[in-house]
Amino acid sequence: METLLAGYLPILIFLCIAIGLTCVMVLLPLALGPNQPGSEKLSSYECGFDTFGDARGQFDVRFYLVSILFIIFDLEVAFLFPWAVSLSRIGLLGFWSMMGFLFILTIGFIYEWKKGALEWE
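About the thresholds
- Residues numbered from 1 in each chain as written.
- Predicted model: local features only at pLDDT ≥ 70, side-chain atom pairs only at ≥ 80, totals over all residues.
- Heavy atoms only, no water.
- Patch = residues over 30% accessible without salt bridge, like charges linked within 9 Å, V, L, I, M, F, W, Y side chains within 5 Å.
- Areas by Shrake-Rupley, 256 points an atom, 1.4 Å probe, with all protein chains shown as cover.
- Salt bridge = Lys/Arg side-chain N within 4 Å of Asp/Glu carboxyl O.
- Helix = DSSP H or I, 4+ residues; strand = E, 2+ residues; numbered from the N terminus.
- Buried < 20%, exposed > 50% of the residue type's maximum accessible area, 1.4 Å probe, protein only.
- Phe/Tyr/Trp six-rings, centres within 6.5 Å; stacked < 30°, edge-to-face > 60°.
- Axes fitted to C-alpha atoms, helices over the stretch in contact; angles between N-to-C directions.
- Parallel < 35°, antiparallel > 145°, perpendicular 65-115°, else oblique.
- Left-handed = near helix turned anticlockwise from the far one by under 90°.
- Contact = heavy atoms within 4.5 Å.
- Nonpolar A, V, L, I, M, F, W, Y, C, P; charged D, E, K, R; others polar.
- Lys, Arg positive; Asp, Glu negative; His and termini not counted.
- Expected span 1.5 Å × (residues − 1).
- Bend = angle between axes of the 7 residues up to and from the residue.

**Student:** Now, about a nonpolar patch on the surface: what can you tell me, with residues and values included?
**Tutor:** Taken together, the side chains of Phe103, Ile104, Ile107, Phe109, Ile110, Trp113 and Leu118 define a hydrophobic patch exposed on the protein surface, amounting to about 710 Å² of accessible area. When you line up the elements, Phe109 lands in helix H5 (residues 87–115). Here Phe109 falls in the partly exposed class, since its relative accessible area comes to 31%.

**Student:** Now, about the packing of aromatic side chains: what can you tell me, with residues and values included?
**Tutor:** As enumerated under the stated definition, the model contains five aromatic pairs in all. Centre to centre, the rings of Phe95 and Trp96 are 5.0 Å apart; their planes meet at 80°, and the pair counts as edge-to-face.

**Student:** Any details on the packing of helix H4 (residues 61–85) against H5? Residues and values, ideally.
**Tutor:** Where H4 meets H5, the axes come as close as 10 Å, and the angle between the chain directions of the two elements is 165°. With respect to H5, the axis of H4 lies roughly antiparallel. For the pair H4 and H5, the sense of crossing is left-handed. Contact with H4, carried on its side by Leu65, Leu69, Ile72, Phe73, Glu76, Phe79, Leu80, Trp83, Ala84 and Val85, involves Leu87, Arg89, Ile90, Gly94, Phe95, Met98, Met99, Phe101, Leu102, Leu105, Phe109 and Glu112 of H5 and no other residues of that element. Taken together, the residues of the contact of H4 with H5 break down into 18 nonpolar, one polar and three charged.

**Student:** Outline the side chain of Glu76, listing residues and values.
**Tutor:** Along the polypeptide, Glu76 turns up in helix H4. For the buried Glu76, no salt bridge is present, and the opposite-charge side chain at shortest range is Lys114, 18 Å distant. If we ignore the near neighbours within four places in the chain, the residues touching Glu76 are Phe101, Leu102 and Leu105.

**Student:** Explain the side chain of Glu112 residue by residue, including any values.
**Tutor:** For Glu112, the position within the fold is in helix H5. The side chain of Glu112 sits in the buried core without any salt bridge; Lys115 is the nearest counter-charge, 9.5 Å away. Beyond its immediate chain neighbours, meaning those up to four positions away, Glu112 contacts Leu65, Leu69, Ala117 and Leu118.

**Student:** So, H5: which residues are in play, and what are the values?
**Tutor:** A rise of 1.5 Å per residue sets the reference length of H5, with its 29 residues, at 42 Å; its end C-alpha atoms lie only 35 Å apart and thus fall more than 12% short of the reference. Bending of H5 peaks at approximately 75° at the position of Leu93. Along H5, the residues that are buried comprise Gly94, Met98, Leu102, Leu105 and Glu112. Just beyond H5, the residue with positive phi is Gly116, at close to 85°.

So this is what it looks like as structure tokens:
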């Protein structure tokens, strides 16, 4: 049992050092740094001029839709790289599985295109 716990000792030491350094790096600037808030520091700043309107305004749904579509097709590419590297080892089953995956994604892309999700007015 002692040898098992001794194997975790380097991890515990590393964790203590990491937590200690984190606390030092967070608390040291708070203790030593100047704290002189002025009117300029406390004012809101937006591109060099005073803010206008509410910062919590609603965005158009198309922004979210485009971002979700980007994430979906970006993940597709992320799945294609390991598949291409291991294609010689996975054989025909792996090839046709990826073709099915790409077919489903293509159907989804065509559906989004036909519904007008990619149109921007």
